[in-house]
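For reference, the chains in residue letters:
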Amino acid sequence: MDPFDAGAGSILRQPKAVWATAGASVVAFMGIGLVDPILPSIAKGLDASAGQVSLLFTSYFLITALAMLVTGFVSSRIGGRKTLLLGLAFVVVFAGLAGTSDTVGQLVGYRAGWGLGNALFVSTALAVIVGAAAGGSAAAILLYESALGLGMACGPLLGALLGDASWRYPFFGTAFLMAIGFLCITVFLKEQPKPARKTSLLDPIRALGHGGLASAAVSAFFYNYTFFTVLAFTPFVLNMTPYKSGAVFFAWGVLLAVFSVLVAPRMQRRFGSLKVLGGSLVLLAADVLVLGYGNHTAAIVCTILSGAFIGVNNTVYTELALGVSDAPRPVASAGYNFVRWFAAAAAPYFAPKIEEWTDVHIPFVVAAVTAVLGAVVVAVRRRALTHEAEELEPKHATEDSVAVFAD
């Protein structure tokens, strides 16, 4: 069945609450790539090095990873709607404050607060969309991936358009858009029933005791290192104006969106999820190597092309994380994200350091190696990822309304 068919199972026919949550999710994901085109401008404006400015990603994702242990704890006690609003409020406040920064240290600190809000919002948004969407969990995941792809595509574009006047404006723009998201959630999303069982701070860690989920998380950790080397380090290598850099990463985001929503599901049906994931990771490794060693034109082409592989990987990893274990979906998602976001924090910090220690090519060699390691984990742990996922798929299909914050 085509999820874009106009029938009842289409991702296009959803309740207003789902669209409000998905719309706010677009803006939340915009915040990830927003700073890409303006990283050199921020470095110049605050008299900071590339390594210092890259800490904008490190602080953001380090707090995001740690906050994954808290999101389920909070949402299971105050409900999904209040958790979404709390996360949005944090983003509005800290994104606005980021625009007022006078030093790179202040900006890095405000991005950490932004990361906390984003973690509370994004992890809960997926649970809300899965629970409230028409058409089951497959349609909901595609809708969530659509929001991710659109946000990742529009973030660099918004950053370039506003950042051309001042590097501060993209932060103020994000705060404004998230305030609109806050109002939409307030109006359209009803109070979500709390789960029968409250989530403890250690539940996501316990969930990682499941072999299949742990394997997906470790593989995603290596993959995310590659992903965020491209996202956080490449702008300095391209060394382009905000408009040109924004255009490159907009094209990258468009490919990410198209391949995550339209191409990945078709490839999975034809070849199987693990073959698609392993192949995509190997191709991403090759792409990153060419990016690092090619000329400027090749670097631009490979940066854009990497969006296709990243889009495929994002979709497959999300489905694996939500379907491979017997843990409730929010708990499984929190444990999985707790592991993988540490790589998103590490890559922006280590890539400039590796360049300082060696040369500009080696950070991409490391990124290629981590992508291959992600594929190796998938191959070695194939039995756990395949057998357990197949065993548990029917169970999850009946648990959606219980395991997540359903209407």
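Okay, so let's go over this structure. What you see is a predicted model; the values in this text were computed from it and never measured.

Analysis parameters
- Residues numbered from 1 in each chain as written.
- Predicted model: local features only at pLDDT ≥ 70, side-chain atom pairs only at ≥ 80, totals over all residues.
- Heavy atoms only, no water.
- Helix = DSSP H or I, 4+ residues; strand = E, 2+ residues; numbered from the N terminus.
- Buried < 20%, exposed > 50% of the residue type's maximum accessible area, 1.4 Å probe, protein only.
- Contact = heavy atoms within 4.5 Å.
- 1 Å grid on protein atoms, 1.4 Å probe; cavity = no way out; pocket = protein on both sides within 12 Å on 5 of 7 lines; lining within 4 Å.
- Points joined across faces, edges and corners; volume = space filled by probe spheres on them.
- Nonpolar A, V, L, I, M, F, W, Y, C, P; charged D, E, K, R; others polar.
- Phe/Tyr/Trp six-rings, centres within 6.5 Å; stacked < 30°, edge-to-face > 60°.
- Core = buried A, V, L, I, M, F, W, Y, C linked by side-chain atoms within 4.5 Å.
- Expected span 1.5 Å × (residues − 1).

Re the overall build of the chain
Per the secondary structure count, the chain includes 15 helices and zero strands. In the chain, which comprises 407 residues, the share counted as buried stands at 58%. Sequence separation of at least 24 residues holds for 87% of the intrachain contacts in the chain that already meet a minimum separation of 6.

Focus on empty space enclosed by the protein
Counted under the stated rule, the structure contains four cavities of 30 Å³ or more. In this structure, the largest cavity encloses a volume near 270 Å³. Lining the largest cavity are 21 residues, and of these Y144, L148, N337, R340 and W341 sit closest to its centre. Elements with a contribution of two residues or more to the lining of the largest cavity: α1 (16–33), α5 (104–132), α6 (136–163), α9 (211–238), α12 (296–323) and α13 (329–357). Sorting elements by how many residues they give to the lining of the largest cavity places α13 first, with five residues. Residues of the lining of the largest cavity, tallied by class, amount to 14 nonpolar, five polar and two charged.

Quick look at the packing of aromatic side chains
The full count for this structure, using the stated rule, is 17 aromatic pairs. Relative to Y317, the ring of Y223 lies with its centre 5.3 Å away and its plane at 20°, an arrangement referred to as stacked. Here Y223, found in helix α9, pairs with Y317, found in helix α12; they are 94 residues apart in sequence, far enough to count as distant. As far as the burial class goes, Y223 and Y317 line up, both buried. Between F338 and F342 the ring centres are 5.2 Å apart and the planes differ by 85°, which places this aromatic pair in the edge-to-face class. A residue pair is termed a helical-turn pair when its members lie 3 or 4 positions apart in one helix, as F338 and F342 do in helix α13 at four residues.

Structural notes on the nonpolar core
Counting 120 residues, the largest nonpolar core has I42, F61, F171, F228, L231 and W252 as its most contacted members. If we skip the residues at most four places from it in the chain, L231 touches I32, D36, F57, M152, F249 and W252.

A few points about unusual backbone geometry
Apart from glycine, the bulk of residues carry a negative phi angle, and the bulk of peptide bonds sit in the trans form. Within the chain, D47 stands out as a residue other than glycine whose phi angle is a positive 50°. Checked against the element boundaries, D47 lands in the loop between α2 (39–45) and α3 (50–78).

As for the side chain of R340
Mapping R340 onto the fold places it in helix α13. Once residues within four sequence positions are removed from consideration, R340 is found in contact with A220, F221 and N224.

Overview of helix α4 (residues 80–98)
Spanning 19 residues, α4 covers 27 Å between terminal C-alpha atoms, matching the ideal 27 Å at 1.5 Å per step. Those residues of α4 that sit buried are G80, R81, T83, L84, L85, G87, L88, V91, A95, G96 and A98.

Here's the deal with α5
Taking 1.5 Å of rise per residue, 29 residues should cover 42 Å, and α5 covers 41 Å from first to last C-alpha, within 8% of that figure. Counting buried positions over the 29 residues of α5 gives 23, a clear majority of the element.

Some details on the environment of A48
Along the chain, A48 falls in the loop between α2 and α3. The contacts of A48, once residues within four sequence positions are left out, are A43, V53 and V104.

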